[in-house]
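Spelled out from the first residue to the last, the chains are:
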Amino acid sequence: MHHLLDSIPSVVNVITESSLSIAAIVSMLIFALVFIAIAFRLLNEAAAALLGGVAVLLVTYIGGTFNEELILLPFEDAMLFIDWNVILLLMGMMIFMAILSSTNVFRWLGLRLYTLARGNTVLIVVLLITLTGVTSAVLNNVTAILLIVPLSIQLSLAMGLNPLAVVIAEVMASNIGGAATIIGDPPSTIVGSHIGVSFAEYFVNMAPVALICMAALVLINQFQYRKEYTKGKKTVSPALLDKLSSEAQIVNHPTLYKSLVVGAATFALFFVADMFGNMPTSVVALSGAALLLAWVRPDMHEMMHEVDWTTLIFFIGLFIVVGGMEATGAIDWFAAHMLQLAGGSLERATLLIVWISGIASGIVDNIPYTVAALPVVELLTVSVPGAAKNNILYWALILGADFGGNLTYLGSAPNIVAVGLLAQAGYRVTFGRFMRDGVPVTVVTLIIASIYLLLRYL
Amino acid sequence: MKNKNNPQAADLELETTPGIILCATRGSEGISPTEQEAIDLAKEHDYTIVFLYIVNTHFLDKTAAPIVVDVDDELSDMGEFLLLMVKERAEQQGVNVRTLIRKGEVREEIKQVATKICADMVVLGRPAGEGSAFELASLQAFAEEIEADTEAKVIIV
């Protein structure tokens, strides 16, 4: 054990001194407060993260004036901790999504799938779950939920099904599908950007396991709701079907065609970006967004309203808060303890990261968890023999955080949004009710992820 | 016949009805006891029911996820569908029904609509556990508030 730690001076220092600096304790305290505020919904997530980031800087400047030990993270260093690739990638994708979703194409697609299934309840549910998973992989999982769940609720009610049978599975599909690409789910984007993998490299590593887990989700859902699906009506009242059809029309055909052309070109560029000097994913996303803006020519003021600045502020605040922990050695302290738990074994480290991430992401939002866990995993990657050669511990973090988001309705943003949408339709989902579906899916997908990682990378 | 010469009542073509019952709904499976009570009262008094769906997007405040979709529009579409379902079911029982969608706070919107359509009765459902829009004590206080501010009689189911 000791010879391993010798290769990492910072980790050795923490272990041998076995004490934390005042700065490290303060930075951990700030992070803990942000985490609590987010977990218990005491503050809006973005406000909590921004407040935490500002607290790091204020303690540095005001506290540091009186006591040098309170210098956590100067402003210039804080800027270096912000992953602008993540921020700009999110911004580019938001612009693209805003334009594409304004065409109503997802509602249209959902209704086409319903028609295609010809009243076969099981097939309709499988198609809706698949649509959500695929949309989450290529867009963003919250957007997928906001576009598909309202239609799914209506279709479920029209068919005489309990919408929970469909919607909870869709949410889980969005969390699983989001793991398939670097742009699908924030933990995927954060980790993928940090390790600098290309879209294609990420896809080749993560899409297979996401696909297997999607299949597992469908099977679990069919088993859990097998009785419910026998109740499904083959036909829907003509008035309700007319209403659904009237809402499912493409709104603006030229914009849709332009969006599809630019979207296809952007995805092609995502796949070949590493041929052009490892072009960052944010550059690809922004190129697509800029081209679409120039071609579609939407009202720019309106478009700037469509960019959700709350998300960007949330990420900037989080990066600064976690940057404070990195700069003060608090992350080293966590990493040293994780290293002790792993005992230098790559297998054990991989399983620890998958399962700790899975459980932690079920209890708190997986975004702050991922931002905080990332530097810990980075230190483990350089400490555990064999971990650096294939990024296995990073993949473990992505799969744990993404799949763990299915454990409770607090685990990820799509869950919270879907529960809110269900409440708007008169269906209240309690913590326990969500877990009844979430626990089996989370356990099964984490087992699949563990086996996949051990078989493929070790 | 308090509803005569009221613009909102005119929009909903309520001028000729002997009376109006307001019932806020969020849809859900089948006819809820609250909706059924409103239907029974409408049959008994030959009143028209106005089913109200309120779009409230406050649940999005809990997350910093990117919201680039017009959620108000998505929920309004869903609300129209839910109202259509409850309207179909109520009309099957021989009741005259109108529907209305509003955006905002549940309490404020119910009160405002009750005033605007000059409702004779407002039917409210009891709290249905975790995540309910009201607690029982606050529902009773709200009922008293409506009765004080409007001339409507409030019935809690």
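Residues numbered from 1 in each chain as written. Chains lettered and ligands numbered in written order. Predicted model: local features only at pLDDT ≥ 70, side-chain atom pairs only at ≥ 80, totals over all residues. Heavy atoms only, no water.

A few words now on helix H10 (residues 163-177) of chain A. Helix length check: H10(A), at 15 residues, gives a terminal C-alpha distance of 20 Å against a target of 21 Å (1.5 Å per residue), a fit within 8%. N-cap assignment for H10(A): the residue whose side-chain oxygen lies 3.0 Å from the backbone N of Leu164(A) is Asn162(A). (Helix = DSSP H or I, 4+ residues; strand = E, 2+ residues; numbered from the N terminus. Expected span 1.5 Å × (residues − 1). Polar contact = N/O pair within 3.5 Å; in protein donor to acceptor, adjacent residues only side chain to side chain.)

Right, let's talk about the pairing of strand S4 (residues 121-124) of chain B for a bit. Residues and elements named next belong to chain B. Of the two faces of S4, the one carrying Met-121 and Val-123 and the one carrying Val-122 and Leu-124 are both buried. Examined bridge by bridge, S4 and strand S5 (residues 153-156) share 4 bridges and lie parallel to one another. Bridge pairing links Met-121 to Lys-153 in S5. (Buried < 20%, exposed > 50% of the residue type's maximum accessible area, 1.4 Å probe, protein only. Pairing = 2+ DSSP bridges.)

Contact with chain B, which involves 35 residues of that partner, is made by 45 residues of chain A. Buried surface at the junction of chain B and chain A, summed over both partners, amounts to about 3,500 Å²; 61% is from carbon and sulfur atoms. Counting the surface chain B buries against chain A, the share from its top three residues, Pro66(B), Val68(B) and Phe81(B), is 20%. In this structure, the salt-bridge partner of Lys243(A) is Glu80(B), at a minimum N-O distance of 2.3 Å. Only strand S2 (48-55) and helix H3 (71-92) of chain B provide two or more residues apiece to the side of chain B that touches chain A. Looking at which element gives the most residues to the side of chain B that touches chain A, the answer is H3(B), with 11 residues. By residue class, the composition of the side of chain B that touches chain A is 20 nonpolar, 6 polar and 9 charged. (Contact = heavy atoms within 4.5 Å. Buried area = accessible area lost by both parts, 1.4 Å probe. Salt bridge = Lys/Arg side-chain N within 4 Å of Asp/Glu carboxyl O. Nonpolar A, V, L, I, M, F, W, Y, C, P; charged D, E, K, R; others polar.)

What follows covers the state of the cysteines. Residues and elements named next belong to chain B. Following the criterion strictly, the structure yields 0 disulfides over all chains and no others. This cysteine, Cys-23, is not joined by any disulfide, and Cys-118 carries the nearest cysteine sulfur, 18 Å off. Cys-23 sits in the buried class, given a relative accessible area of 0%. (Disulfide = S-S within 2.5 Å.)

Moving on, we get to the sheet that holds S5(B). Residues and elements named next belong to chain B. Read from one edge of the open sheet, 5 strands run S3-S2-S1-S4-S5, paired in parallel fashion. Single-partner strands in this sheet number two, and they are strand S3 (96-103) and S5. Averaged over all adjacent pairs, the angle separating strand axes in this sheet is 25°, with direction ignored. Strand contacts of helix H2 (residues 33-45): strand S1 (20-24), S2, S4 and S5, with the helix running at about 155° to S4, the strand carrying the most contacts. (Axes fitted to C-alpha atoms, helices over the stretch in contact; angles between N-to-C directions.)

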